[in-house]
Amino acid sequence: MVPFLNLILVLKSFYIKSRLNTLLLKHVALLMFIICFSLINLDYVTIMFSPIALGITTTSSILDNKHLNYYFVTSFETNRSIDSQQGVIPQSEVCGDRQDNDLNGLVDENCSVESSSVGIPAANFNKSKTLRIGVVGDIDSNQGLTTQLEIANHYNVQALIIPGDFEYTNGNAVLSNFQSHGFTKENTDIVVGNHDSGKEVMTWLDNNRTFGQVMFDFSANKLALFNIDANIKFDCTSPQFQILKSQIESSKAWFKFAVIHQPFVTVKSDHPPNGEFDCYDPLFRAGRIEGVLQAHNHNYQRFNIHGLMYGVFGTGTHDTGSSMYPLESHTWQGNGCLKCITSENGITIIDLNLNNINSKHFVGWFLNLENQVLDRFESSIG
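Residues numbered from 1 in each chain as written. Predicted model: local features only at pLDDT ≥ 70, side-chain atom pairs only at ≥ 80, totals over all residues. Heavy atoms only, no water.

Q: How do you make sense of the confidence of the model for the protein when you look at a structure like this?
A: Summary statistics for the protein give a mean pLDDT of 81 and a share of 70% for residues scoring 70 or more. The model gives residues 40-86 a pLDDT under 50, and that stretch makes 57 contacts with residues more than four places away or in other chains. (pLDDT = per-residue confidence, 0-100. Contact = heavy atoms within 4.5 Å.)

Q: Just checking my understanding: could you explain the pattern of salt bridges for this structure?
A: Any two side chains of opposite charge can pair, so long as their charged atoms come close to each other. Taken as a whole and assessed by the stated rule, the structure comprises seven salt bridges. K245 is paired through a salt bridge with E249; the nearest N and O atoms lie 3.0 Å apart. Here the residue K245 and the residue E249 both occupy positions in helix α7 (residues 239-250), the gap between them amounting to four residues, near one helical turn. Assessed through its relative accessible area of 43%, E249 is described here as partly exposed. (Salt bridge = Lys/Arg side-chain N within 4 Å of Asp/Glu carboxyl O. Helix = DSSP H or I, 4+ residues; strand = E, 2+ residues; numbered from the N terminus. Buried < 20%, exposed > 50% of the residue type's maximum accessible area, 1.4 Å probe, protein only.)

Q: Is there a simple way to think about the environment of N194 in this case?
A: Positionally, N194 belongs in the loop between β3 (188-190) and α6 (198-205). Judged by its relative accessible area of 36%, N194 is partly exposed. A C-alpha to C-alpha distance of 8.4 Å links N194 and H296, two positions 102 residues apart in sequence. Excluding anything up to four places from it in sequence, N194 contacts D165, N231, H261, Q262 and H296. Among the polar contacts listed, one links the side chain of N194 to the side chain of H195, at a separation of 3.5 Å. Only 3.3 Å separates the side chain of N194 from the side chain of H296, close enough to count as a polar contact. (Polar contact = N/O pair within 3.5 Å; in protein donor to acceptor, adjacent residues only side chain to side chain.)

Q: Please explain the pairing of strand β13 (residues 346-353) as it appears in this structure.
A: Successive side chains on a regular strand alternate, one facing one side of the sheet and the next facing the other. Taken across its eight residues, β13 has eight buried, putting it largely inside the fold. Taken together, the six bridges between strand β1 (residues 130-135) and β13 define a ladder with antiparallel strand orientation. Within β13, the position partnered with R132 by the bridge is D351. In terms of strand pairing, β13 meets strand β14 (residues 361-368) through seven bridges, oriented antiparallel. The residue of β14 that forms the bridge with I347 is L367. (Pairing = 2+ DSSP bridges.)

Q: Explain the state of the cysteines here, please?
A: Each disulfide is one covalent bond, formed between the sulfur atoms of two cysteines. For the structure on display, the rule yields two disulfides. Shown here is the disulfide that connects C236 with C279, its sulfur atoms set 2.0 Å apart. Between C236 and C279, the S-S torsion sits near 130°, and that sign places the bridge as right-handed. Placement of C236 in the loop between β5 (223-228) and α7 and of C279 in helix α8 (residues 277-286) is noted, with a sequence separation of 43 residues between them. Since its relative accessible area comes to 9%, C279 is described here as buried. A sulfur-sulfur distance of 1.9 Å marks the disulfide that ties C337 to C340. Between C337 and C340, the S-S dihedral sits near 115°, and the bridge is therefore right-handed. For C337, a relative accessible area of 16% translates into the label buried. (Disulfide = S-S within 2.5 Å.)

Q: Help me out: how do you make sense of the sheet that holds β5 in this one?
A: Where strands meet in a sheet, backbone hydrogen bonds hold them as pairs that are either parallel or antiparallel. Read from one edge of the open sheet, seven strands run β4-β5-β6-β7-β9-β8-β12, paired in mixed fashion. If you trace the sheet from one side to the other, it starts and ends with β4 (212-214) and β12 (339-341), each paired once. Along the sheet, successive strands turn relative to each other by an average axial angle of 20°, direction set aside. Relative to strand β7 (residues 291-294), strand β6 (residues 255-260) is paired through three bridges, and the arrangement is parallel. Residue pairing across strands places F257 opposite G291, the latter belonging to β7. (Axes fitted to C-alpha atoms, helices over the stretch in contact; angles between N-to-C directions.)

Q: What is the right way to look at the packing of helix α4 (residues 143-154) against helix α5 (residues 171-180) in this model?
A: Describing two packed helices takes the angle between their axes plus the distance from one axis to the other. Taken N-terminus to C-terminus, the directions of α4 and α5 make an angle of 25°; their axes are 10 Å apart at the nearest point. On the basis of the axis angle, α4 is roughly parallel to α5. The handedness of the crossing between α4 and α5 is right-handed. Here L145, T146 and L149 of α4 come into contact with α5, specifically with V174, N177 and F178. Among the residues forming the contact of α4 with α5, the class breakdown is four nonpolar, two polar and no charged. (Parallel < 35°, antiparallel > 145°, perpendicular 65-115°, else oblique. Left-handed = near helix turned anticlockwise from the far one by under 90°. Nonpolar A, V, L, I, M, F, W, Y, C, P; charged D, E, K, R; others polar.)

Q: Teacher, can you tell me more about unusual backbone geometry here?
A: Glycine aside, the phi torsion of most residues is negative, and most peptide linkages are trans. One non-glycine residue with positive phi stands out, namely H296, at about 80°. Classification of H296 as buried rests on a relative accessible area of 9%. With phi around 50°, H306 is a residue other than glycine that occupies positive phi space. Summarising the element assignment, H306 is placed in the loop between β8 (300-305) and β9 (308-313). Taking the relative accessible area as the measure of exposure, H306 reaches 68% and is therefore exposed.

Take a look at the structure:
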């Protein structure tokens, strides 16, 4: 009996040692595999062990499918950390979901889109489907202007429109700043403000007039701007009106915008309306103008006057913060201001949708100097 028991113990010991050897062999093989593979891609080892090192398991409520995708696809390439207080794990940007997935303050950056919708403008977009313009008036040669131009560059603004007053202190420095940010005579329109020199504007536009149609070669027949000089005679009996009328009515451009410094439409502020609304508004409608870009009052105003956008974009940094002009009412001739903002400098970005020439659809945003969206709007003119 004893020999039999001894045999059983020997077999049991052999079995246990065999199992241990087998497990050890498996672990050694796995370790060798990982070491060999890490020689090819060291990031893979980081991916595999990052959740363990951070004390996270795949069954954690924090680590959902999107976060798993972040760990196994991006391999911490962004070197971002977990916000332990909020329980948020940054991940790579998911194109099209309109969310700030990587927590860098931007949405859908580096994602090619056909056209932005109302929300935050996509920094990267399909330029065959969208033409992007930027609008800001009453600017000056200072750091604020540089910030506005940097925002325009970040969002890949293709055409810059200045509805007057760029020569408060140093117009040449302003133009030099434009050019250093890629805004040249080939993609920048300037209308004459009351602080500007008509001669300087004509030189910039390579024109012998301070008013009239402006088009850019890069945009082909997609965009036409019609500059109005309210510093000279411009009523219905003026030569200026007759020339503009002929140009607007004959234009075949997809999108048309009128640009003027002294506004047709404005709430009560430091400067009153220019008094020629009844002269020009019928022309704008007959000529299928999409919007009227104005300034002069140092604030932001947006109106929809019977389907036509009128905006005051005097948000340049000649005056800043509380020095900007007050908003002493919220209506113009009974028309409510859809969005009126003062004490906030910034730039307005407008996307013109090129998908359908008949829809005349565009979307826009007013962004302050901190790159925050303060107004969003959308318009379609059939």
